[in-house]
2 protein chains.
Amino acid sequence: MSFIATPQSMYFAEPLALQSGASLRGYTLAYETYGTLNADKSNAVLICHALNASHHVAGHYADEPGNVGWWDNMIGPGKPVDTNRFFVIGVNNIGSCFGSTGPRDANPDAPSDSRRKQYGADFPVVTVEDWVNAQARLLDELGIHQLAAVMGGSLGGMQTLSWTLQYPERVRHAVVIASAPNLSAENIAFNEVARRAIVTDPEFHDGHFYEHGVVPARGLRIARMIGHITYLSDDVMNSKFGRELREAVTHNSTGYKYSTQDIEFQIESYLRYQGDKFSTYFDANTYLLITRALDYFDPAQQFGGDLSRTMAQAKADFLVVSFTTDWRFSPARSREIVKALLDNRRHVSYAEIDAPHGHDAFLLDDPRYLNLVRAYFDNKVAA
Amino acid sequence: MSFIATPQSMYFAEPLALQSGASLRGYTLAYETYGTLNADKSNAVLICHALNASHHVAGHYADEPGNVGWWDNMIGPGKPVDTNRFFVIGVNNIGSCFGSTGPRDANPDAPSDSRRKQYGADFPVVTVEDWVNAQARLLDELGIHQLAAVMGGSLGGMQTLSWTLQYPERVRHAVVIASAPNLSAENIAFNEVARRAIVTDPEFHDGHFYEHGVVPARGLRIARMIGHITYLSDDVMNSKFGRELREAVTHNSTGYKYSTQDIEFQIESYLRYQGDKFSTYFDANTYLLITRALDYFDPAQQFGGDLSRTMAQAKADFLVVSFTTDWRFSPARSREIVKALLDNRRHVSYAEIDAPHGHDAFLLDDPRYLNLVRAYFDNKVAA
């Protein structure tokens, strides 16, 4: 049984200038903290979330014992990131749909005579850099000048990278897991298909579906199904599902139902279930915003694509972790980061974990992985 | 300039019993032939098509010089499969939408008082085995007892495999390219997402959209975009498109438009174009049927999953070809076929071509690949 977590939120009245040139007039950040900030405020660890996660990183809610944080195996008392030692902060990013200001919230710039009270598709495009700036303001308010560590997987790893470039003096350690210095064309392609599925759903209503009392559930389902395929490896899909039928019929030799629309294989059942579940809680505009933030992230762009010159800005020590069967953010992408750091003689530990689970591995209980992170925090990260 | 091809068709009045237990009352096969059948009818080569191709395999139409067959680089006078020597047959499969009987055709079993005159979603589910049976009848009518070779890539390779198992005495050589003995869970997963995109398009109308005068174009676009991602390798996507923007804006430092819906990257533009084009000509019910035929194909299922026991039925000599960057039907899947053949001491040549183009490579002009097929036909396949 994990500990009790308590969601908090903070309102920021000062506008946030965004990378796009737009700005956000006042915004709220939802966050959680675990453990105790020490007297010199030197033991803070910031956790950055990926596409569909939130500030609820670890523990469970007092009134919802089943609602356990998404990285509860990693963070908590006695866990690899030990909250007996570190003050851990989880924060929901702006544009998301779990408590921080996002497309579902009231748009302060909406004309008073408009039926459109919520942002919807008018929520400004936000980038990884914008998220980091918003997170930095939260740290300012909490009185934390320098983080013992920033840490994240996937898109969370991109925010971690960006922290070391935007605020090099404020990060002692960066833990970048299952991530990449930018998206490949194939990564962007998968995002684009998911976005088109959402945007072309007739119930998307150009991103202003709230006023219509509907949700583009068809599009969200397709988006999530595509996502799930890319989170898993071919190997783990074969071992978990293979060609197993959901319910073989007995009156023919193959056991097939011979139907184009009914569920025939277990993998179909799994994907439909994941898609259905996701479409009931995730916001379609948030999906567009977050996948775009992924697409846009490319810190080396400002240095003509030279990642080594880019990483020269960073002062943190790094732990970089990848997983052999992750084809979404393959080990080769992590090695690009490691090489750029070594080119700058930065301290970097790199581990390529031989795990079968694909991109999902960064959330799972592989003991070699968890022990590695534990050893890094125990031995390298001073509180 | 290639030669002139002439589409033909043949009507079969005798019902075709299908693997599902249903049967098809009379059907038409569209086909083309190139070259001349020799006196003892021993020089016929059958070409099987994959998902979205047709009987128009090579040459161009007299009135449409731009309409060149999909494997024109492989087949024709002086080409690797030389029509000066071989009598080549391309046939469109039943359930498809290019001339053979399919979902767009009149349903002879439709009640006379129904508005639904076309099959639509009532077209029976067809399998690779059914297609091979239909192709065999066409050969009967053409007086061809034994094929010099059957040949196909991807799903066409599955039909080729099936020929050697269903009609072992009728095939001297089998050329199986970029194929697999069955789909993996990941393959099925991609098919399922594409089908869900089509089926949940409100204009699909449960597969009876013809009567409504609409087409589920949104779903077809998504299906095709997903398909295209899986046809290409990550490498070739990066070298062709990378992170290139379609039209960089000049008033900000990143060049991004900062939009969730506009096209930003070249890869997005490419995918949308492919999706749009496909949705104008391909039939949605055909897409469901053909992806299901892919899912169902699993000849080893009848032998408890033992591919070696399965391939013991085959008598043909084999050429098996795979491409290193094909992640849809990876070389490992071709090697399963090769091993099963070797277990049975069959004659098999195997080549793994180091090509960057992914699954698409089987349609492209790689000289090592084309020369390999040429050498096989020149030296092994007697007319």
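Just so we're clear, the structure is a prediction, and the values are computed from it rather than from any experiment.

Peer 1: Explain the overall build of chain A residue by residue, including any values.
Peer 2: The number of helices and strands found in chain A is 10 helices and 15 strands. Relative to the 2.2 N^0.38 estimate, which gives 21 Å for 383 residues, the radius of gyration of chain A is 21 Å and therefore close to what a compact globule would have. C-alpha extents for chain A along the principal axes are approximately 70 × 60 × 50 Å. Among the 383 residues that make up chain A, the fraction classed as buried is 62%. Put simply, of all contacts in chain A between residues at least 6 apart along the chain, 71% involve residues at least 24 apart. As displayed, chain A offers around 13,800 Å² of accessible surface, 48% of which is attributable to carbon and sulfur atoms. Separation between the mean location of the 34 positive side-chain charges and that of the 44 negative ones in chain A comes to 2 Å.

Peer 1: With reference to specific residues and values, describe helix α2 (residues 155-166) of chain B.
Peer 2: Because each turn of an α-helix spans 3.6 residues, side chains separated by three or four positions end up pointing in the same direction. Residues and elements named next belong to chain B. Its 12 residues give α2 an end-to-end C-alpha distance of 16 Å, which sits within 8% of 16 Å, the value for a rise of 1.5 Å per residue. In terms of burial, α2 is largely enclosed, as 11 of its 12 residues are buried. Buried within α2 are the following residues: L155, G156, G157, M158, Q159, T160, L161, S162, W163, T164 and L165.

Peer 1: An account of the interface of chain B and chain A is requested, with residue identities and associated values reported.
Peer 2: With 60 residues of chain B at the contact, the number on the chain A side is 60 residues. Note on chain B versus chain A: buried area summed over both sides is about 5,300 Å², and carbon and sulfur give 61% of it. A salt bridge links R292 of chain B to E268 of chain A; its shortest N-O distance comes to 2.7 Å. If you look at where chain B meets chain A, you find 33 residue pairs in polar contact (both at pLDDT 80 or more). Mapped by element, the contributors of at least two residues to the side of chain B that touches chain A are α3 (185-199), α4 (217-231), α5 (234-240), α6 (266-281) and α7 (284-296) of chain B. Among the elements that make up the side of chain B that touches chain A, the one with the highest residue count is α3 of chain B (11 residues). Considered class by class, the residues forming the side of chain B that touches chain A number 29 nonpolar, 16 polar and 15 charged.

Peer 1: Can you explain the packing of aromatic side chains? Please cite residues and give values.
Peer 2: One pass over the full model with this rule turns up 52 aromatic pairs over all chains. When the centroid spacing of 5.1 Å and the interplanar angle of 15° are considered together, the rings of W70 of chain B and W71 of chain B count as stacked. We classify W71 of chain B as buried; its relative accessible area is 0%. Pairwise contacts between aromatic rings join F98, F278, Y281, F282 and Y287 of chain A into one cluster. Geometry around Y167 of chain B places R170 of chain B over its ring, the cationic atom sitting 5.8 Å from the centre. Above the face of the F329 of chain B ring, R328 of chain B is positioned so that its terminal group lies 6.0 Å from the ring centre.

Peer 1: Pulling in residues and values, what's your account of the UniProt feature "binding site: substrate" (unreviewed entry) in chain A?
Peer 2: All names here are of chain A. Within this structure's numbering, the places UniProt gives as "binding site: substrate" (unreviewed entry) are R224 and D360. Across 137 residues in sequence, these annotated residues keep their C-alpha atoms within 13.9 Å of one another, forming a single compact spot. With respect to the helices and strands, R224 occurs in helix α4 (residues 217-231). Once residues lying within four places of it in the same chain are set aside, the contact partners of R224 are N52, Y231, Q274, G275, F278 and Y281. For D360, the position within the fold is in the loop between β15 (348-353) and α10 (367-379).

Peer 1: Describe in detail the relation of the copies chain B and chain A, supporting the description with residues and values.
Peer 2: Laying chain B over chain A is done by rotating through 180° and shifting 0.0 Å along the axis; what remains is an RMSD of 0.0 Å. In short, the pair behaves as if placed about a two-fold rotation axis. When the interface residues of chain B are mapped onto chain A, 100% of them again lie at the interface, so the same face is used by both copies.

Peer 1: Give me the pattern of salt bridges: which residues, what numbers.
Peer 2: Summed over all chains, the structure comprises 41 salt bridges over all chains. Note that E192 of chain A is salt-bridged to R272 of chain B, the shortest N-O span being 2.6 Å. A residue pair is termed interchain when its members come from two chains, as with E192 of chain A in helix α3 (residues 185-199) and R272 of chain B in helix α6. The two residues E192 of chain A and R272 of chain B agree in class, both being buried. Residue D366 of chain A is joined to R368 of chain A by a salt bridge in which the shortest nitrogen-to-oxygen separation is 2.8 Å. Accessibility expressed as a relative area gives 10% for D366 of chain A, which makes it buried. In this structure, a network of salt bridges that share partners links the residues E192, R195, R292 and D295 of chain A together with E268 and R272 of chain B.

Peer 1: Go over α6 of chain B with me, naming the residues and quoting the values.
Peer 2: A rise of 1.5 Å per residue sets the reference length of α6 of chain B, with its 16 residues, at 22 Å; its end C-alpha atoms lie 24 Å apart and thus fit the reference within 8%. Among all positions in α6 of chain B, only I267, E268, S269, Y270, L271, R272, Q274, G275, F278 and S279 of chain B are buried. Tucked inside the fold, the buried residues of α6 of chain B contact α3 and α7 (284-296) of chain A together with α4, α5 and α7 of chain B.

Peer 1: Before we move on, can you summarise the nonpolar core with the specific residues and values?
Peer 2: Counting 191 residues, the largest nonpolar core has W163, I267 and F318 of chain A together with W163 and F318 of chain B as the members making the most contacts within it. If near-sequence neighbours (up to four positions away) are discounted, W163 of chain B is found in contact with L46, C48, V132, Q135, A136, L139, L147, V150, P168, R170 and V171 of chain B. Listed in part, the 36 residues of the second largest apolar core include W70, W71, V321 and F377 of chain A.

Peer 1: Requested: an account of the packing of α3 of chain A against α6 of chain B, with residues and values cited.
Peer 2: Two elements in contact, α3 of chain A and α6 of chain B, have axes whose closest approach is 9 Å; the angle formed by their N-to-C orientations is 50°. Here α3 of chain A is positioned oblique relative to α6 of chain B, judged by the angle of their axes. In terms of crossing hand, the pair formed by α3 of chain A and α6 of chain B is right-handed. Where α3 of chain A abuts α6 of chain B, its residues A185, I188, A189, E192, V193, R195 and R196 of chain A lie against I267, E268, L271 and R272 of chain B. A breakdown of the residues in the contact of α3 of chain A with α6 of chain B according to their chemical character gives 6 nonpolar, no polar and 5 charged.

Peer 1: An account of the packing of α4 of chain A against helix α6 (residues 266-281) of chain A is requested, with residue identities and associated values reported.
Peer 2: Two packed helices can be described by the angle between their axes and the distance between those axes. Residue and element names in this part refer to chain A. Between α4 and α6, the shortest axis-to-axis distance is 8 Å and the interhelical angle comes to 130°. Considered as vectors, α4 and α6 are oriented oblique to each other. When the axes of α4 and α6 are compared, the crossing they make is right-handed. Contacts from A217, L220, R221, R224, M225, H228 and I229 of α4 reach α6 at Y270, L271, R272, Q274, G275, D276, F278, S279 and Y281. When its residues are assigned to classes, the contact of α4 with α6 shows 8 nonpolar, 4 polar and 4 charged.

Peer 1: How would you summarise the pairing of strand β11 (residues 87-91) of chain A if you had to cite specific residues and measurements?
Peer 2: Residues and elements named next belong to chain A. Most of β11 sits inside the fold, with 5 of its 5 residues counted as buried. Side chains F87, I89 and V91 project from β11 onto one buried face, and the interleaved V88 and G90 project onto a second face that is buried too. Across 4 bridges, the pairing between strand β5 (residues 27-34) and β11 is antiparallel. In the strand pairing of β11, T33 is matched with I89. Where strand β6 (residues 44-48) meets β11, 4 bridges bridge the pair, whose relative direction is parallel. Each residue of the ladder has a partner; that of I47, found in β11, is G90.

Reading the values: the criteria
- Residues numbered from 1 in each chain as written.
- Chains lettered and ligands numbered in written order.
- Predicted model: local features only at pLDDT ≥ 70, side-chain atom pairs only at ≥ 80, totals over all residues.
- Heavy atoms only, no water.
- Helix = DSSP H or I, 4+ residues; strand = E, 2+ residues; numbered from the N terminus.
- Rg over C-alpha atoms; globule rule 2.2 N^0.38 Å.
- Buried < 20%, exposed > 50% of the residue type's maximum accessible area, 1.4 Å probe, protein only.
- Contact = heavy atoms within 4.5 Å.
- Areas by Shrake-Rupley, 256 points an atom, 1.4 Å probe, with all protein chains shown as cover.
- Lys, Arg positive; Asp, Glu negative; His and termini not counted.
- Charge placed at Lys NZ, Arg CZ, Asp CG, Glu CD.
- Expected span 1.5 Å × (residues − 1).
- Buried area = accessible area lost by both parts, 1.4 Å probe.
- Salt bridge = Lys/Arg side-chain N within 4 Å of Asp/Glu carboxyl O.
- Polar contact = N/O pair within 3.5 Å; in protein donor to acceptor, adjacent residues only side chain to side chain.
- Nonpolar A, V, L, I, M, F, W, Y, C, P; charged D, E, K, R; others polar.
- Phe/Tyr/Trp six-rings, centres within 6.5 Å; stacked < 30°, edge-to-face > 60°.
- Lys NZ or Arg CZ within 6 Å of the ring centre and 35° of its normal.
- UniProt positions renumbered as here; feature names shortened; annotations may be inferred.
- Least-squares fit on C-alpha atoms with pLDDT ≥ 70 in both.
- Core = buried A, V, L, I, M, F, W, Y, C linked by side-chain atoms within 4.5 Å.
- Axes fitted to C-alpha atoms, helices over the stretch in contact; angles between N-to-C directions.
- Parallel < 35°, antiparallel > 145°, perpendicular 65-115°, else oblique.
- Left-handed = near helix turned anticlockwise from the far one by under 90°.
- Pairing = 2+ DSSP bridges.

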